[in-house]
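Summary of structural features
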Amino acid sequence: MAYPEHQRWALALSAVITELNGGHHDALGGWGENEHTRAWCKNHLAKFYGIASQADLASMAKWLYQEGHTKDARALLSSAAQAGASEERDAETDARARVVLDNREEIEKRGVLAWDTARLVAVLGWSAWAGYIGEIPAWEVMLMAGARAQQTYDSWESFARGYELGRLFWAEGAPHEPTARAIEKLTTDPASPWKTLAWNFDLGVKILDPNAKTRFKKTTCAACGAAKSRPSATAYVYCDFCGALADYDFQRACATPIARPGPVYEALAAALAPKIEAARASGDREAFRAAQIELFDAFARACPDATPLRARDEAYRAKYAAYLAEGALVTAFDDRARELDAAMRDAMSKLRGEKLDTGEIRLNPNAWRALFEAVLAREAHAAALFESAGVYAMQPDGASAALQKRMSMSMFAQGWLPMLDETTAKDMLTRLGLVGDFVEGTSGKEEIAKGSCGACGAELAVARGARRMICEQCGRKIDVEGARVTCSGCGASLSPAEGVDAFACPYCKIELRRVAAIRA
Ligand SMILES: [Zn+2]
Ligand SMILES: [Zn+2]
Ligand SMILES: [Zn+2]
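Residues numbered from 1 in each chain as written. Chains lettered and ligands numbered in written order. Predicted model: local features only at pLDDT ≥ 70, side-chain atom pairs only at ≥ 80, totals over all residues.

**Some words on the overall build of the chain**
For the chain, the helix and strand inventory stands at 21 helices and 14 strands. Taken over the C-alpha atoms alone, the chain extends approximately 80 × 65 × 40 Å along its principal axes. In the chain, of all internal contacts separated by at least 6 residues, the share reaching a separation of at least 24 is 61%. (Helix = DSSP H or I, 4+ residues; strand = E, 2+ residues; numbered from the N terminus. Contact = placed C-beta atoms within 7 Å.)

What follows is the structure in structure tokens.
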């Protein structure tokens with residue numbers, strides 16, 4: 001019996017392993033039904049994966065799907081990237097550290113998901129033969145893993161490179177001729193599944209992460225008193241009812257890796273650096289401010305997830321960049337702030353890594369605490385400057401000073417968190433006010449009406465009783481309380497942005513006007 005195409009596609013994820021075993025690419029686990037299959041699978045699972053039961057398989061499959069060598073490689077990368085850690089590594093860790101450091105960008109971006117996925121698919125196939133899992137559940141997991149691999153890589157070739165990187169990490173950097181030959185064959189042989197099955201084949205699988213939908217930070221809006229009723233699109237939490245910036249969700253921020261602004265921003269930063277330094281040295285505040293505004297504007301464009309949703313709107317972004325630039329200016333031109341910066345750099349240079357019993361590297365807590373105190377001292381001084389120079393008052397959402405402090409410290413905390421032991425990490429988060437209460441909630445579908453953003457046309461999920469809300473697509477604050485405007489061209493029912501009376505229909509571009517009489 002031949003499997004349908006999407007199942008054969010899932011099997012192709014473990015094609016290198018099948019090739020190495022001399023198996024068949026169109027058969028579950030690489031083998032058809034014969035008197036040796038079950039014994040071979042049981043033996044292979046026990047010998048290479050320590051799997052001898054249903055429970056063993058469950059924990060191995062869970063590890064391969066959720067963590068795998070991807071998690072190990074990323075943990076090693078963040079500890080290996082810390083200066084001072086190198087002399088404390090053993091030979092095995094050292095060889096692996098070289099692999100991750102040489103492939104830094106790939107490890108950060110995709111990990112070694114191809115390697116973990118290939119092994120998961122192979123293990124599930126063998127386990128179905130061994131009787132540790134039913135065939136249907138095995139296929140379900142394989143297809144889900146396949147859909148995720150499709151989102152992560154863009155071709156069988158990039159999947160193969162990801163596989164080889166994972167193998168290198170596992171093998172401590174040692175090459176493996178048979179693997180290289182298998183990959184060569186799979187990428188060139190016209191009969192290979194990687195040649196006959198298109199990478200973008202529609203597997204018919206849609207993955208929804210239920211956790212992301214249901215757990216979010218408990219927030220009460222300081223402006224209108226409403227409780228946040230559904231998860232926020234980014235760490236910057238906007239009120240569902242009045243559109244005010246209500247909170248900052250640090251856990252949400254940690255759910256995605258720290259945004260990197262990319263080459264365009266880096267080039268601009270490099271070009272502006274001498275200008276900024278010259279302006280500071282000569283006391284030219286205007287030139288300094290202008291360069292900082294340009295830089296922060298570029299950052300907000302490059303990293304939309306690291307800035308408030310509203311920064312997608314040009315008018316807001318201009319105010320936001322001016323606010324951040326002013327903060328940079330008042331600290332750059334303050335002698336005490338510069339002293340505190342120097343103290344911070346000094347403390348940073350004294351950080352040392354320590355190896356835990358588990359083999360992971362964590363920062364020496366005392367050296368870290370000295371840095372943390374230096375950062376807090378610097379932050380306290382900056383806060384006083386911001387207060388007196390009116391920087392806090394420039395925050396375009398009108399956020400409280402306390403909320404602004406939390407937001408400014410969060411990137412710092414997010415960056416160091418993986419390198420701290422549990423107690424130290426907890427202490428840091430508590431002192432920075434980044435620990436929050438979480439609520440479990442449904443997505444609240446019955447409380448939500450659908451609307452359309454008058455600025456960009458995106459669909460809006462409007463909470464019942466809401467007056468203003470932020471459009472997640474364009475970042476504008478939308479008036480969802482007033483009567484909607486019906487487009488005379490296309491008939492769309494639109495909610496205009498706050499304070500906007502004349503606007504173009506986002507769909508058909510006809511000029512529309514909100515009539516005062518129908519607002520009441
Ligand atoms: Zn509110
Ligand atoms: Zn919009
Ligand atoms: Zn229209």
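Picking up where we left off.
**Considerations on the nonpolar core**
Soluble globular proteins: nonpolar side chains tend toward being buried together. Ranked by size, the top nonpolar core spans 58 residues in total, and within it V100, A114, A118, V121, V123 and L124 carry the most contacts. Considering every element that reaches this core, the biggest residue donor is helix α8 (residues 113–130), with 13 residues. Beyond its immediate sequence surroundings of up to four residues, L124 is in contact with A61, I133, A138, V141 and M142. (Core = buried A, V, L, I, M, F, W, Y, C linked by C-beta atoms within 7 Å. Buried ≥ 20, exposed ≤ 12 C-beta atoms within 10 Å, placed from the backbone.)

**Regarding helix α20 (residues 401–416)**
Spacing of three or four residues puts side chains on the same side of an α-helix, whose turn is 3.6 residues. With 16 residues, α20 extends 23 Å between its outermost C-alpha atoms, agreeing within 8% with the 22 Å of an ideal straight helix rising 1.5 Å per residue. Of all bends in α20, the biggest is about 35°, found at S410. When we look at burial in α20, the residues that qualify are L403, Q404, K405, M407, M409, S410, A413 and W416. Buried residues belonging to α20 abut β3 (245–248), α14 (250–255), α19 (365–389) and α21 (422–431). (Expected span 1.5 Å × (residues − 1). Bend = angle between axes of the 7 residues up to and from the residue.)

**Considering the domain arrangement of the chain**
Entries for the chain in the domain assignment read domain 1 (5–196), domain 2 (263–438) and domain 3 (445–519). Each of domain 1 and domain 2 has a C-alpha centre, and the two are 39 Å apart. Facing eight residues of domain 1, the contacting portion of domain 2 comprises nine residues. A total of three residues in the side of domain 1 that touches domain 2 trace back to one element, the largest contributor, which is helix α5 (residues 68–80). Among the residues making up the side of domain 1 that touches domain 2, the classes are represented as two nonpolar, five polar and one charged. (Domains from an automatic or database assignment. Nonpolar A, V, L, I, M, F, W, Y, C, P; charged D, E, K, R; others polar.)

**Brief notes about the environment of C41**
Within the secondary structure, C41 sits in helix α3 (residues 37–49). Residue classification places C41 among the buried positions, given that 24 C-beta atoms sit within 10 Å. The spacing of C41 and D249 is 208 residues in sequence and 47 Å in space, taken between C-alpha atoms. In contact with C41, other than residues within four places in its own chain, are G29, W126, W129 and A130.

**Some remarks on the packing of helix α4 (residues 54–66) against α8**
Where α4 meets α8, the closest approach of the two axes is 9 Å, and the angle between their N-to-C directions is 160°. Viewed along their axes, α4 and α8 adopt a mutual orientation that is roughly antiparallel. With respect to the hand of their crossing, α4 and α8 are arranged in left-handed fashion. Across from L57, M60, A61, L64 and Y65 in α4, the residues of α8 making contact are D116, R119, L120, V123, L124 and S127. (Axes fitted to C-alpha atoms, helices over the stretch in contact; angles between N-to-C directions. Parallel < 35°, antiparallel > 145°, perpendicular 65-115°, else oblique. Left-handed = near helix turned anticlockwise from the far one by under 90°.)

**Description of the pairing of β3**
Regular strands show a simple pattern: their side chains alternate between the two faces of the sheet. Where strand β2 (residues 236–238) and β3 come together, three bridges link them in antiparallel fashion. Directly across from Y238, in β3, lies its bridge partner L245. Hairpin geometry of β2 and β3 is characterised by an intervening segment of six residues between the two adjacent antiparallel strands and by a positive phi of about 80° at G243. (Pairing = 2+ DSSP bridges.)

**A few points about the packing of helix α17 (residues 314–332) against α19**
Running from amino to carboxyl end, α17 crosses α19 at an angle of 115°, the nearest separation of the two axes being 10 Å. Viewed along their axes, α17 and α19 adopt a mutual orientation that is roughly perpendicular. Along this stretch, α17 crosses α19, giving a crossing that reads as right-handed. Counting all contacts with α17, which are made through G327, V330 and T331, the residues of α19 involved are A382, L385, F386 and A389. Partitioning the contact of α17 with α19 into residue classes produces five nonpolar, two polar and no charged.

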